[in-house]
Amino acid sequence: MSVSVVAAVFFAVACVSNCFASSAGFTLARDGKLYADIVIPAKPLDCERYAAEELKYHIDKAFGVAAEIVNEGRSDSGKYPFHFFIGATAAARAAGLPGRKLKKDEWIVKTSGNGLFLLGRDSNIKYSDIGYTWIRTVYATIYAVYDFLENEMDVKWIWPGPTGEVIPKRSSLEVGRIDRTGIEPLEERFMHGTQPWLSPKVGFSNEESAKRFYAGQSKFLVRHRLGRRRMTKTGHAFEKWWKRFGKSNPEFFNELPGGVRRPASSGSLVTLCVSQPGVWKQIVKDWKDWWEKDGRRGWFEPWVNCCENDYVVLCRCGKCRSWDAPDERFAKCRYWNGSI
């Protein structure tokens, strides 16, 4: 074989990856064949593994071909001409990513060479805690994957479970240069009632159905970026107030029909006379006392919790009632019209 023929063969082989890569930026698939694998760090965090599994799940559904997840250092880099790099890979560092300390909930989606990098600020959260929004949820690499799925693959999640997934079928996908970052604008993206409680099967035919529902809901919430990078104290703020002030300051509490001020049920669920200035002053005093004792230690950022105790009975005093917008239903309700 002449030198010119050998050179031509070498050039053709090299173009399988290099020339092909430069023609479209990044090719995930062409005519039903995958051209990219999913590379995770040699020792991935649980959230990086979760992110890779979510990417694979949607690629498999979209193209009908099983994508490969491989650990960095164990992969055959020549098997695919393109690679997704998930999280804090050595390849990301070599590409200069992230290049700075990312903020909590901040992510990057970027093409470079034959790689598409999906990474963000992560913590060493347990796999089983991903989607559990009662704790800090710092796993932005997952959000980078969802950003790619939404923007490049037109994926949508309408409700929890497979029937709510919109994953367009396709045989090819080539994308140009991508270089974008993002951060969740809300520090706390959290809704009560989205986690199983002490009796998780209440309202379900059996416990398996309940587990299946909550697992689907948990994934749905992660896909819509529900989480919290900041922890503030919420929930019942006044459960101890009747014990503290029931005798000394009965004016702090709800006025019931007949003019009496006391709990309608348990003391921990008593509601307040929210128009009472003494209540406002006590809330501020309690906050200042907390700040002097614990707040200055830096455990939490400053906040004031004014969440009322959950109960159906609210204050009927004239001043509180004057704050209510007019509504004909008040006259029909036995509690508000005084007939009970």
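Computed from a prediction, not measured in an experiment: that's the story for all the values here.

The rules behind the values
- Residues numbered from 1 in each chain as written.
- Predicted model: local features only at pLDDT ≥ 70, side-chain atom pairs only at ≥ 80, totals over all residues.
- Heavy atoms only, no water.
- Helix = DSSP H or I, 4+ residues; strand = E, 2+ residues; numbered from the N terminus.
- Polar contact = N/O pair within 3.5 Å; in protein donor to acceptor, adjacent residues only side chain to side chain.
- Contact = heavy atoms within 4.5 Å.
- Buried < 20%, exposed > 50% of the residue type's maximum accessible area, 1.4 Å probe, protein only.
- Core = buried A, V, L, I, M, F, W, Y, C linked by side-chain atoms within 4.5 Å.
- pLDDT = per-residue confidence, 0-100.
- 1 Å grid on protein atoms, 1.4 Å probe; cavity = no way out; pocket = protein on both sides within 12 Å on 5 of 7 lines; lining within 4 Å.
- Points joined across faces, edges and corners; volume = space filled by probe spheres on them.
- Pairing = 2+ DSSP bridges.
- Axes fitted to C-alpha atoms, helices over the stretch in contact; angles between N-to-C directions.
- Expected span 1.5 Å × (residues − 1).
- Right-handed = clockwise from strand over helix to strand, strands pointing away.
- Nonpolar A, V, L, I, M, F, W, Y, C, P; charged D, E, K, R; others polar.

Draft legend 1. Looking closely at the side chain of Glu 165. Tracing the sequence through the fold places Glu 165 in strand S9 (residues 165–166). Only 2.8 Å separates the side chain of Glu 165 from the side chain of Tyr 57, close enough to count as a polar contact. Excluding its chain neighbours within four sequence positions, the residues that come into contact with Glu 165 are Tyr 57, Lys 156, Trp 157 and Arg 223.

Draft legend 2. Expanded view of unusual backbone geometry. The omega torsion of the bond from Leu 97 to Pro 98 falls at 5°, within 30 degrees of zero and hence cis. With respect to the element layout, Pro 98 can be found in the loop between helix H3 (90–94) and strand S6 (106–112). In the Ramachandran plot, Asp 31 falls in the positive-phi region, its phi being about 50° despite a non-glycine side chain. Mapped onto the secondary structure, Asp 31 falls in the loop between strand S1 (26–30) and strand S2 (33–34). You will see that Asp 105, though not glycine, has its phi angle at about 75°, which is positive. Residue classification places Asp 105 among the buried residues on the basis of a relative accessible area of 0%.

Draft legend 3. Broad picture of the nonpolar core. One finds Leu 28, Leu 55, Ile 59, Phe 84, Ile 86, Leu 118 and Met 153 to be the most contacted residues of the largest nonpolar core, which totals 46 residues. Other than its neighbours up to four places away in sequence, Leu 118 contacts Leu 55, Phe 84, Phe 85, Ile 86, Gly 87, Ile 108, Val 109, Thr 141, Ala 144, Val 145 and Phe 148. Formed by 10 residues, the second largest nonpolar core is a distinct cluster that contains Phe 85, Leu 97, Leu 102 and Leu 119.

Draft legend 4. Fine view of the environment of Phe 85. Following the sequence through the fold, Phe 85 ends up in strand S5 (residues 82–86). In this structure Phe 85 comes out as buried when scored by relative accessible area, which is 10%. Residues Phe 85 and Leu 119 lie 34 residues apart in sequence; the distance between their C-alpha atoms is 7.9 Å.

Draft legend 5. Molecular detail of the confidence of the model for the chain. Mean pLDDT for the chain: 88, with 88% of residues reaching 70 or above. Per-residue pLDDT stays below 50 along residues 1–23; that stretch engages in 13 contacts with residues further than four places along the chain or on separate chains.

Draft legend 6. Spatial organisation of the layout of surface pockets. One number sums up the size of the largest pocket: a volume of about 610 Å³. Lining the largest pocket are 18 residues, with Lys 233, Ala 237, Asp 286, Trp 290 and Asn 305 positioned closest to its centre. Counting residues per element, the ones that place at least two in the lining of the largest pocket are helix H6 (241–245) and helix H7 (277–293). When residues of the lining of the largest pocket are assigned to their parent elements, the largest contribution, five residues, is made by H7.

Draft legend 7. Representation of the sheet that holds strand S4 (residues 69–71). Spatially, six strands are ordered S4-S3-S5-S7-S6-S11 in an open sheet, and the strand pairing comes out mixed. Here the strands that pair on one side only, and so sit at the sheet edges, are S4 and strand S11 (179–183). Taken pair by pair, the neighbouring strands of this sheet meet at an average axis angle of 20°, ignoring direction. In this sheet, S5 lies alongside strand S3 (residues 36–40) in parallel orientation, the contact comprising four bridges.

Draft legend 8. Quick peek at helix H2 (residues 46–63). The end-to-end C-alpha separation of H2 is 26 Å, in line with the 26 Å expected for 18 residues at 1.5 Å each. Every buried residue of H2 is accounted for by Cys 47, Glu 48, Tyr 50, Ala 51, Ala 52, Glu 54, Leu 55, His 58, Ile 59, Ala 62 and Phe 63.

Draft legend 9. Layout of the pairing of S3. Burial analysis of S3 places five of its five residues in the buried class, the great majority of the element. Residues Ala 36, Ile 38 and Ile 40 line one face of S3 and the alternating positions Asp 37 and Val 39 line the opposite face, and both faces are buried. Here S3 pairs with S4 via three bridges, running parallel. If you follow Val 39 over to S4, its bridge partner there is Val 70. Where the polypeptide runs from S3 across H2 and back to S4, its parallel neighbour, the crossover connection is right-handed.

Draft legend 10. Inspection of the environment of Gly 73 at higher detail. Along the chain, Gly 73 turns up in the loop between S4 and S5. In sequence terms Gly 73 and Val 39 are 34 residues apart; their C-alpha atoms lie 9.3 Å from each other.

Draft legend 11. Main features of empty space enclosed by the protein. What the rule picks out here adds up to one cavity of 30 Å³ or more. What the largest cavity holds in volume is close to 30 Å³. Of the residues assigned to the lining of the largest cavity, the class counts are five nonpolar, four polar and no charged.

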